[in-house]
Amino acid sequence: MRKYWYRRFLLVLLVLSVLGYAGYEITKRQEQGRKKEVSADTVSSDTVIPGGMPVGIYLETEGVMVLGTEKITGADGKMTEPARHLVKAGDYIVECNGKKIADKKRLQDTLKKLDAEEVVLKLRRDSGYLDVKIKPVRNKKNQYMLGIWVRDNAQGLGTVTFLNTDSRFGALGHGIHDTDTNTLMEIKDGRVYETSIRSIQKGAGGEPGGIEGIIVYNRYNVLGTIDKNTDCGIFGTLERTDNLFRNTEPVGIMATDEIKKGDAVIRCCVEGKVKEYKIRITKTDKHTKEENKGLEIKVTDPELLEITGGIIQGMSGAPILQNGKIAGAVTHVFVNDPARGYGIFIENMLKHVE
């Protein structure tokens, strides 16, 4: 599921008039009161509020991420690849000629103002930094080109797993990887947004289904911030909790050793509201090499199977509950059998909000 998590969303550009959003804003005092109502008074240190709600996700990288290099046709008609063997997929460009690079536009603007025959890029590679010198190619439009493909953000839709006593949340149950390099994206910051479900595409053998949502990326729809992208999920702080967690009671946290094969439920939103659907935990593996695949599950609920075919893209993060406690979250679907999939132990997620 990880590979496709971000693909099925509808980006909507919305211009709001004063009349259109005037009734939407609430005062800071009211918001703090509502936040306290669901995150402080009702949650203790050994409980969390379970999720199941879809949210829009937007991540920004620290610098720009290198996807690869390519050849460029110069003004003389010759093909050259100036960055070959100097940068590699997964590098992050954080400076160009001593100027900080926050996004693609900053890098493009720096190259437009170039007045030298070479540039010095500061790269973050793995846990270290290095400087590389590249001679850019001037093309027929009199533009300097490095021949580097880059990315500076990712966006999509996922499911919230839990909210704790400090208004810290976890979602997805797996990390957000770049689809071109398959590397875990290193983020500078991110935000979660309100979203609404537009349609459900049912999964079938060999064809994973998906949730299509409408996400309006503006400040009025921001629910909170994201500060971690890990192999166990994304994590951050929710500043607006009233809409997401209304009428949701806290539940206990199930230790990994307590989780047994057998009946359980997942919470997800595929019918316009969050509901619980029956599943079975078919396998537990505390020693799995991949932290987000410690559980194997099978959807048994006839209603959910009829609507979605089982587990679909966008359900990553749907909480798994057993005997009234939160045990984990859905993370992946078996593409050839969408009724089955993997999950992560909740303790593996909670360690990132301690």
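Residues numbered from 1 in each chain as written. Predicted model: local features only at pLDDT ≥ 70, side-chain atom pairs only at ≥ 80, totals over all residues. Heavy atoms only, no water.

- Named according to an unreviewed UniProt entry, the protein is SpoIVB peptidase originating from Dorea amylophila.

1. A word on the overall build of the protein
Phase 1 of the analysis: A tally of helices and strands in the protein yields six helices and 25 strands.
Phase 2 of the analysis: Residues counted as buried form 50% of the 354 residues belonging to the protein.
Phase 3 of the analysis: Accessible surface computed for the protein: about 17,400 Å², of which carbon and sulfur atoms make up 46%. (Helix = DSSP H or I, 4+ residues; strand = E, 2+ residues; numbered from the N terminus. Buried < 20%, exposed > 50% of the residue type's maximum accessible area, 1.4 Å probe, protein only. Areas by Shrake-Rupley, 256 points an atom, 1.4 Å probe, with all protein chains shown as cover.)

2. What about the confidence of the model for the protein?
Phase 1 of the analysis: Summing up the model confidence of the protein, the mean pLDDT is 85 and the portion of residues at 70 or higher is 88%.
Phase 2 of the analysis: A low-confidence stretch, residues 2-40 stays under pLDDT 50, and its non-local contacts, those more than four residues away or across chains, total 72 contacts. (pLDDT = per-residue confidence, 0-100. Contact = heavy atoms within 4.5 Å.)

3. A few points about the nonpolar core
Phase 1 of the analysis: Counting residues in each nonpolar core, the largest one holds 28 residues, and the members touching the most others are Ile-266, Cys-268 and Ile-320.
Phase 2 of the analysis: For this core, the elements supplying multiple residues, two or more each, are strand 16 (210-215), strand 20 (262-268), strand 21 (275-284), strand 22 (295-299) and strand 24 (325-334).
Phase 3 of the analysis: Core analysis: the second largest hydrophobic core is formed by 24 residues, Met-53, Leu-59, Ile-187 and Val-192 among them. (Core = buried A, V, L, I, M, F, W, Y, C linked by side-chain atoms within 4.5 Å.)

4. Looking at the pairing of strand 25 (residues 337-345)
Phase 1 of the analysis: Sheet topology places strand 22 next to strand 25; four bridges connect them, and they run antiparallel. The residue bridging Glu-296 from the neighbouring strand is Tyr-342, located in strand 25.
Phase 2 of the analysis: Inspection of the sheet shows strand 24 paired to strand 25 by six bridges, in the antiparallel sense. Each bridged residue has a counterpart across the sheet, and for Val-330 the counterpart in strand 25 is Gly-343.
Phase 3 of the analysis: Once strand 24 ends, the chain turns through two residues before running back antiparallel as strand 25. (Pairing = 2+ DSSP bridges.)

5. Things to note about empty space enclosed by the protein
A water-sized probe rolled over the atoms picks out the places where empty space is left.
Phase 1 of the analysis: Taken as a whole and assessed by the stated rule, the structure comprises one cavity of 30 Å³ or more.
Phase 2 of the analysis: Its volume calculated, the largest cavity comes out at about 40 Å³.
Phase 3 of the analysis: Every residue along the wall of the largest cavity is listed here: Gly-52, Pro-54, Thr-159, Ile-197, Ile-211, Cys-268, Cys-269, Gly-314 and Met-315.
Phase 4 of the analysis: Along the lines of polarity and charge, the residues of the lining of the largest cavity split into six nonpolar, three polar and no charged. (1 Å grid on protein atoms, 1.4 Å probe; cavity = no way out; pocket = protein on both sides within 12 Å on 5 of 7 lines; lining within 4 Å. Points joined across faces, edges and corners; volume = space filled by probe spheres on them. Nonpolar A, V, L, I, M, F, W, Y, C, P; charged D, E, K, R; others polar.)

6. A closer look at unusual backbone geometry
Phase 1 of the analysis: With phi around 55°, Asp-126 is a residue other than glycine that occupies positive phi space.
Phase 2 of the analysis: Of note, Asp-126 is situated in the loop between strand 8 (119-125) and strand 9 (128-134).
Phase 3 of the analysis: Despite not being glycine, Leu-172 shows a phi value in the positive range, around 70°.
Phase 4 of the analysis: Residue placement: Leu-172 occurs in the loop between strand 13 (168-171) and strand 14 (187-193).
Phase 5 of the analysis: On the basis of relative accessibility, which here comes to 0%, the residue Leu-172 falls in the buried class.

7. What about the pattern of salt bridges?
When the charged atoms of two side chains lie near each other, side chains of opposite charge can form a pair.
Phase 1 of the analysis: One pass over the full model with this rule turns up 19 salt bridges.
Phase 2 of the analysis: When the shortest N-O distance is used, the salt bridge between Lys-275 and Glu-303 registers 3.2 Å. Highlighted residues: Lys-275 in strand 21 and Glu-303 in helix 5 (residues 302-308), separated in sequence by 28 residues.
Phase 3 of the analysis: With a relative accessible area of 24%, Lys-275 lands in the partly exposed category.
Phase 4 of the analysis: For Glu-303, a relative accessible area of 34% translates into the label partly exposed.
Phase 5 of the analysis: Residues joined in a network through salt bridges with shared partners are Glu-60, Lys-188 and Arg-191. (Salt bridge = Lys/Arg side-chain N within 4 Å of Asp/Glu carboxyl O.)

8. Quick notes on the packing of aromatic side chains
Phase 1 of the analysis: For the structure on display, the rule yields three aromatic pairs.
Phase 2 of the analysis: Members of the aromatic cluster, connected to one another through ring pairs, are Tyr-58, Tyr-193 and Tyr-217.
Phase 3 of the analysis: The ring of Tyr-129 carries Lys-122 above its face, with NZ or CZ at 5.3 Å from the centroid. (Phe/Tyr/Trp six-rings, centres within 6.5 Å; stacked < 30°, edge-to-face > 60°. Lys NZ or Arg CZ within 6 Å of the ring centre and 35° of its normal.)

9. Quick notes on the pairing of strand 17 (residues 222-230)
For a regular strand, the rule is simple: side chains alternate between the two faces of the sheet.
Phase 1 of the analysis: Inspection of the sheet shows strand 14 paired to strand 17 by four bridges, in the antiparallel sense. Residue pairing for strand 17: Val-192 is matched across the bridge by Gly-224.
Phase 2 of the analysis: Where strand 17 and strand 18 (residues 233-238) come together, six bridges link them in antiparallel fashion. By the bridge assignment, Thr-230 is partnered in strand 18 with Gly-233.

10. Let's talk about helix 3 (residues 104-112)
Phase 1 of the analysis: Looking only at helix 3, the buried set comprises Leu-107, Thr-110 and Leu-111. Seen end-on, helix 3 carries its buried residues on one side only, within an arc spanning 95°. Opposite its buried face, helix 3 presents the exposed residues Lys-105 and Lys-112, each directed more than 90 degrees away.
Phase 2 of the analysis: Taken together, the buried residues of helix 3 touch strand 3 (54-69), strand 6 (92-96), strand 7 (99-100), strand 8 and strand 11 (144-145).
Phase 3 of the analysis: Backbone nitrogen of Lys-105 and a side-chain oxygen of the N-cap are separated by 3.3 Å at the start of helix 3; the cap is Asp-103. (Arc of directions from axis to C-beta. Polar contact = N/O pair within 3.5 Å; in protein donor to acceptor, adjacent residues only side chain to side chain.)

11. Re the side chain of Thr-256
Phase 1 of the analysis: Examined against the element boundaries, Thr-256 turns out to sit in the loop between strand 19 (251-253) and strand 20.
Phase 2 of the analysis: Here Thr-256 falls in the buried class, since its relative accessible area comes to 14%.

12. Concerning the environment of Arg-240
Phase 1 of the analysis: Within the secondary structure layout, Arg-240 lies in the loop between strand 18 and helix 4 (242-245).
Phase 2 of the analysis: Since its relative accessible area comes to 15%, Arg-240 is described here as buried.
Phase 3 of the analysis: On a C-alpha basis, the gap between Arg-240 and Glu-194 in space is 10.0 Å, while along the polypeptide they are 46 residues apart.
Phase 4 of the analysis: There is a polar contact of 3.3 Å between the side chain of Arg-240 and the backbone oxygen of Tyr-220.

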